[in-house]
Amino acid sequence: MQWKNSKASRFFSLKRKYLAFPYILFLVLFILIPTLLIIFYAFSDENGNPSAEAMIEFFSTPSKISVLVVSLFMGLQTTLICLLLGYPAAYFLADKKINKNAVLVVLFIMPMWINFVIRTGATRDLLSAIGLDGGTHPWEATLIGMVQNYLPFTILPLYTTMLKLDRAQMEAAADLGCSPFKVFIKNVLPQSLPGIISASEMVFMPVMSSYVISDTLSEGKITLFGNSIYLNFSNSQWNAGSFMALIFLVLIGLSMLVTRRFEKDPVASRGGGIW
Amino acid sequence: MVRRVRTLEEKKTLAVRVGANFYIYLLLFLMYVPVLALVIFSFTGSVNFGTWSGFSFELYATLFQDEEIMRALGNTVILALLSSFCSVVLGTLGAVGVHEWKRRSKAVAESLTQIPVVTPEIVLALSLVIMFVFLGNYVYAGFGLSFWTLLIGHICLSLPFVYLSVKPKLLQMDPALYEAALDLGSTPRKALYQVTLPAILPGILSGFLLALTLSLDDFIVTSFTRGSGLLSGAQMIETISTLVQARIKKGPLPPQMRALTTLIFLFVLLVVIVVTILMTKKRKKSHHHIDRRNA
C-alpha cells in the first residue's frame, strides 16, 4: 500500500473515463484512418494524384457492372429464401405450445461453430456427387451453399423478435373474427418486422461480399463483389479495389438510413448470449 | 355438440404441432447434412468423400501425423486466443470508460464502434492492407505484413463485439454501488476490481467467446493481412481456413478434415451440453430462492 499517496498512484487512480483511451485510439488508428484511406485511394491514381480513373473504369466496364448486378441478385435471392425458410422455423421455435426445448435453438446455431471453409468444401463435394457441380450448375450450387451458411444468421434475429410477440393480441384478433391468414398479415407480420429487417441485414451484404462460398461452389464461374475485390487485392490494384469498397460503403450507408429506426442487437444476431 | 367441436379443435392443434415439429427437424437435418456426412465418413479410410471402405480410425491417425495441418491448427488456436485476449482487454476498458462519457462524446464513440460491425469483412480487410502498404511506401520502408498485422486484423474483427457485450451489463449495474465503494474508503482501482468487474464478468465472458468464434472461422481478414511468422516460420502464416481453402480450390476436401471436423463437432457438442446443464441448474436454483422468499 506504499504507492497509495505517491505521484504514480495519483496517475493510476485514474478517473474511469480515461480507461477508454486505448480502445478509442485503436479504433481511430485501425478502423477510421483505413476507412478514410479507402475514400482517398478510390479517387486517386497509382501515384497518389487525384483522379477519377477508378470511377470511370468501373462504370464503363460491362464486366464490372455485371458484378454489381449479379451480386445484387445473389444477395436478394439468398435473403428471400433464407427468410421464407427461417421465418416459420423461428415462429415455431418461439411458440411454447410447439417447442418447449431451448436446446433446439442452439442446434440451429451450432453449425456456425464449425469452420465454414471446411463446411463449404464438404457441401461442394456432396453437391457434385449428386450432379449439382459448379461446372454445370454454378448458380444453383452457389445459392444452396449461401442459404446453408446464412440460415442460422436469419433464424437467430427472427427468433429473438418472435419471443417478444404479443400473443394476447393475436388471440384477440382471432376471437374477434379474423381468419388465421388475416391475423398473420395484420398482426404477426408487423410485429415481427424488426426481426425481418435485421435478419435481412445479416444476410444481404455478407452474401454480396462473400468470397469463399461463391468461388468454391461455382468453381470460379460466379464473380460477386467479394471475389472482385479479392482479385484486385491479389493483383495489388489498390485504386480499383478501393472504389469497389467505396460503393459498398455507400450501399451500407443507404441501407442504414432506411433501417435506422429499428433497434438492433448485433451481439445477439451473432449468437452471443443465446443462453 | 360442444364436445365434438372441442375434439376437432384439439385434433387441429395436434396436427399443427406435429407439422411444425416435422418442419423444424427437416430443416435441421438439411442444415446438418454436410456436417453429418463429414462425421460419418471420418470413420473410414477411403480418400473419396462418400465411399465407404470399411470402418477404421486411419484418418485420425494421419490427421495428427500431418505436420502442415497440425501447424495450421496451432496457428489458428494461438491467433484466436491472443486476439481474443487483446480484444477483451481493450473492449472491456473501452466500455467501462465510454460509459462515463458525456452524451455527445459517447455518441461519437458508439458510431466509431459501429463502423466495423456494419462494414463487410472484405472492406475492413482491404482498408487495413491499404494502410499497411501505405505505411510501407511512404512512412517506413521496412514495414511489411507480418504476424502483427494479422493480429491487428483479428482484433479489429472482434473488438466491437466485446464492447457491445459488456455495455449492457454496465447499463444494468447500479451506479451507486461504485460510488458507495469509494465512500467506504476503497481506492478507484479496488472498486473497479471488486465492484465493477464481477458485475460485468458475464458480458466479458460472452464477448470473449464471440471473439474466439469470429477469429477461428475467419478467412478473409487472415488471407489479406497475414505475413510470415508463428509456427509457419519464414513462410506465410497458414490457418485452418486458408489451408483448406487453398486445397479445395485444387481438388476435393482433404480426407483428414473429416476427422478434424468430427473432433471440433464433439468438442462444441460437449460445451453446449455442459453449459445447458449448468444453466438449467442455475435457473432451478434461482426459482427455488424465489419460492423460499415468497413462502
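Here the structure is a predicted model, which is why all the values come from computation and not from measurement.

1. Some details on the interface of chain B and chain A
1) Next: The interface is formed by 93 residues belonging to chain B together with 82 residues belonging to chain A.
2) Next: For the chain B and chain A pair, buried surface summed over both sides reaches about 8,000 Å², with 79% attributable to carbon and sulfur atoms.
3) Next: It is Met31(B), Leu112(B) and Ile130(B) in chain B that bury the most area against chain A; as a group they hold 8% of the surface buried on that side.
4) Next: Between Lys249(B) and Asp215(A) there is a salt bridge, with its nearest N and O atoms 2.7 Å apart.
5) Next: Across the chain B-chain A interface, the total number found is 13 residue pairs in polar contact (both at pLDDT 80 or more).
6) Next: For the side of chain B that touches chain A, the element with the highest residue contribution is helix 1 (residues 2-40) of chain B, accounting for 17 residues.
7) Next: Looking at the side of chain B that touches chain A residue by residue, the classes come out as 71 nonpolar, 16 polar and six charged.

2. Some words on empty space enclosed by the protein
1) Next: With the rule as written, the count across this model stands at two cavities of 30 Å³ or more.
2) Next: For the largest cavity, the calculated volume is near 100 Å³.
3) Next: Every residue along the wall of the largest cavity is listed here: Pro111(A), Phe116(A), Arg119(A), Thr120(A), Thr123(A), Gly145(A), Gln148(A), Asn149(A), Ile213(A), Leu217(A), Met31(B) and Pro34(B).
4) Next: Space inside the second largest cavity adds up to approximately 40 Å³.
5) Next: For the second largest cavity, the full set of lining residues is Phe30(A), Ile31(A), Thr35(A), Ile115(B), Thr119(B), Leu124(B), Ser127(B) and Leu128(B).
6) Next: Classifying every residue of the lining of the second largest cavity by side-chain character gives five nonpolar, three polar and no charged.

3. Remarks on the packing of helix 7 (residues 138-163) of chain A against helix 10 (residues 193-208) of chain A
Helices that pack against each other are described as a pair by the angle of their axes relative to one another and the distance between those axes.
Residue and element names in this part refer to chain A.
1) Next: Remark: helix 7 packs on helix 10, axes separated minimally by 8 Å, with the N-to-C direction vectors making an angle of 155°. By the criterion of interaxial angle, the relationship of helix 7 to helix 10 is roughly antiparallel. Note that helix 7 runs across helix 10; the crossing there is right-handed. For the pair helix 7 and helix 10, contact is made by Met146, Tyr150, Phe153, Thr154, Pro157, Leu158 and Thr161 and by Pro194, Gly195, Ile196, Ser198, Ala199, Met202, Val203, Pro206 and Val207, respectively.
2) Next: Tallied by class, the residues present in the contact of helix 7 with helix 10 amount to 12 nonpolar, four polar and no charged.

4. Topic: the layout of surface pockets
1) Next: As a volume, the second largest pocket reaches approximately 1,200 Å³.
2) Next: In terms of lining residues, the second largest pocket is bounded by 26 residues, among which Tyr91(A), Asp95(A), Met170(A), Pro180(A) and Val16(B) are the most central.
3) Next: The biggest single contributor to the lining of the second largest pocket is helix 4 (residues 62-94) of chain A, with seven residues.
4) Next: The residue inventory of the lining of the second largest pocket, partitioned by class, reads 17 nonpolar, one polar and eight charged.

5. Side note on a nonpolar patch on the surface
1) Next: Nonpolar side chains collect at one region of the surface, where Phe22(B), Leu26(B), Phe29(B), Leu30(B), Leu36(B), Ile40(B), Trp52(B), Phe55(B) and Phe57(B) lie side by side and expose about 970 Å² of accessible area between them.
2) Next: Relative to the helices and strands, Leu26(B) is located in helix 1.

6. Digging into the state of the cysteines
1) Next: The final tally for this structure, using the stated rule, is zero disulfides over all chains.
2) Next: In this model Cys86(B) remains outside any disulfide bridge; the closest cysteine sulfur is found in Cys156(B), 11 Å from its own.

7. Some details on the packing of aromatic side chains
1) Next: Applying the stated rule across the entire model yields 30 aromatic pairs over all chains.
2) Next: Their ring planes at 5° and their centres at 5.8 Å tell us that Tyr211(A) and Phe219(B) sit as a pair that is stacked. One end of the pair, Tyr211(A), is in the loop between helix 10 and helix 11 (212-217); the other, Phe219(B), is in the loop between helix 8 (188-217) and helix 9 (220-225), on a second chain.
3) Next: Judged by its relative accessible area of 7%, Tyr211(A) falls in the buried class.
4) Next: On the numbers, 6.3 Å between centres and 70° between planes, the contact of Tyr32(B) with Phe265(B) is edge-to-face. Highlighted residues: Tyr32(B) in helix 1 and Phe265(B) in helix 11 (residues 256-294), separated in sequence by 233 residues. Here the two residues Tyr32(B) and Phe265(B) agree in accessibility, since each one is buried.
5) Next: Among the aromatic residues, those joined into a cluster by ring pairs are Tyr211(A), Tyr230(A), Phe233(A), Trp238(A), Phe219(B) and Phe224(B).
6) Next: Above the face of the Tyr178(B) ring, Arg16(A) is positioned so that its terminal group lies 3.3 Å from the ring centre.
7) Next: In this arrangement the basic side chain of Arg167(A) is found over the ring face of Tyr91(A), its NZ or CZ atom lying 5.4 Å from the centre.

8. Topic: helix 7 (residues 175-183) of chain B
1) Next: The N-capping residue of helix 7 of chain B, defined by a side-chain oxygen 3.0 Å from the backbone nitrogen of Ala176(B), is Asp174(B).
2) Next: Of the residues one or two after helix 7 of chain B, Gly185(B) is the one with positive phi, at around 100°.

9. A short note on the packing of helix 8 (residues 167-175) of chain A against helix 9 (residues 180-191) of chain A
Residue and element names in this part refer to chain A.
1) Next: Close contact between helix 8 and helix 9 brings their axes to 10 Å; oriented N to C, the two are set at 170°. Here helix 8 lies roughly antiparallel to helix 9, going by the angle between them. The segment helix 8 lies against helix 9, with Gln169, Met170, Ala173 and Ala174 engaging Val183, Asn187, Val188 and Gln191.
2) Next: Of the residues contributing to the contact of helix 8 with helix 9, the split by class is five nonpolar, three polar and no charged.

10. Let's talk about the nonpolar core
1) Next: Of all hydrophobic cores here, the largest spans 158 residues; its most connected members are Phe225(A), Leu126(B) and Phe224(B).
2) Next: Aside from chain neighbours lying at most four places away, what touches Phe225(A) is Val67(A), Leu68(A), Ser71(A), Met208(A), Met244(A), Ile247(A) and Phe248(A).

11. Considerations on the side chain of Asn187(A)
Residues and elements named next belong to chain A.
1) Next: For asparagine 187, the position within the fold is in helix 9.
2) Next: Judged by relative accessible area, which is 9%, asparagine 187 ranks as buried.
3) Next: A polar contact of 3.3 Å, which involves the side chain of asparagine 187, links it to the side chain of glutamine 169.

12. Considerations on the confidence of the model for chain B
1) Next: Here chain B averages 88 in pLDDT, while 95% of its residues score no lower than 70.
2) Next: When the elements of chain B are averaged for pLDDT, helix 11 of chain B gives the smallest value, 79, and helix 3 (residues 67-99) of chain B the largest, 95.

13. Some remarks on the environment of Glu67(B)
Residue and element names in this part refer to chain B.
1) Next: Note on placement: glutamate 67 falls in helix 3.
2) Next: The exposure class assigned to glutamate 67 is exposed, which follows from its relative accessible area of 59%.
3) Next: Sequence separation between glutamate 67 and leucine 182 is 115 residues; the distance between their C-alpha atoms is 55 Å.

What counts and how
Residues numbered from 1 in each chain as written. Chains lettered and ligands numbered in written order. Predicted model: local features only at pLDDT ≥ 70, side-chain atom pairs only at ≥ 80, totals over all residues. Heavy atoms only, no water. Contact = heavy atoms within 4.5 Å. Buried area = accessible area lost by both parts, 1.4 Å probe. Salt bridge = Lys/Arg side-chain N within 4 Å of Asp/Glu carboxyl O. Polar contact = N/O pair within 3.5 Å; in protein donor to acceptor, adjacent residues only side chain to side chain. Helix = DSSP H or I, 4+ residues; strand = E, 2+ residues; numbered from the N terminus. Nonpolar A, V, L, I, M, F, W, Y, C, P; charged D, E, K, R; others polar. 1 Å grid on protein atoms, 1.4 Å probe; cavity = no way out; pocket = protein on both sides within 12 Å on 5 of 7 lines; lining within 4 Å. Points joined across faces, edges and corners; volume = space filled by probe spheres on them. Axes fitted to C-alpha atoms, helices over the stretch in contact; angles between N-to-C directions. Parallel < 35°, antiparallel > 145°, perpendicular 65-115°, else oblique. Left-handed = near helix turned anticlockwise from the far one by under 90°. Patch = residues over 30% accessible without salt bridge, like charges linked within 9 Å, V, L, I, M, F, W, Y side chains within 5 Å. Areas by Shrake-Rupley, 256 points an atom, 1.4 Å probe, with all protein chains shown as cover. Disulfide = S-S within 2.5 Å. Phe/Tyr/Trp six-rings, centres within 6.5 Å; stacked < 30°, edge-to-face > 60°. Buried < 20%, exposed > 50% of the residue type's maximum accessible area, 1.4 Å probe, protein only. Lys NZ or Arg CZ within 6 Å of the ring centre and 35° of its normal. Core = buried A, V, L, I, M, F, W, Y, C linked by side-chain atoms within 4.5 Å. pLDDT = per-residue confidence, 0-100.

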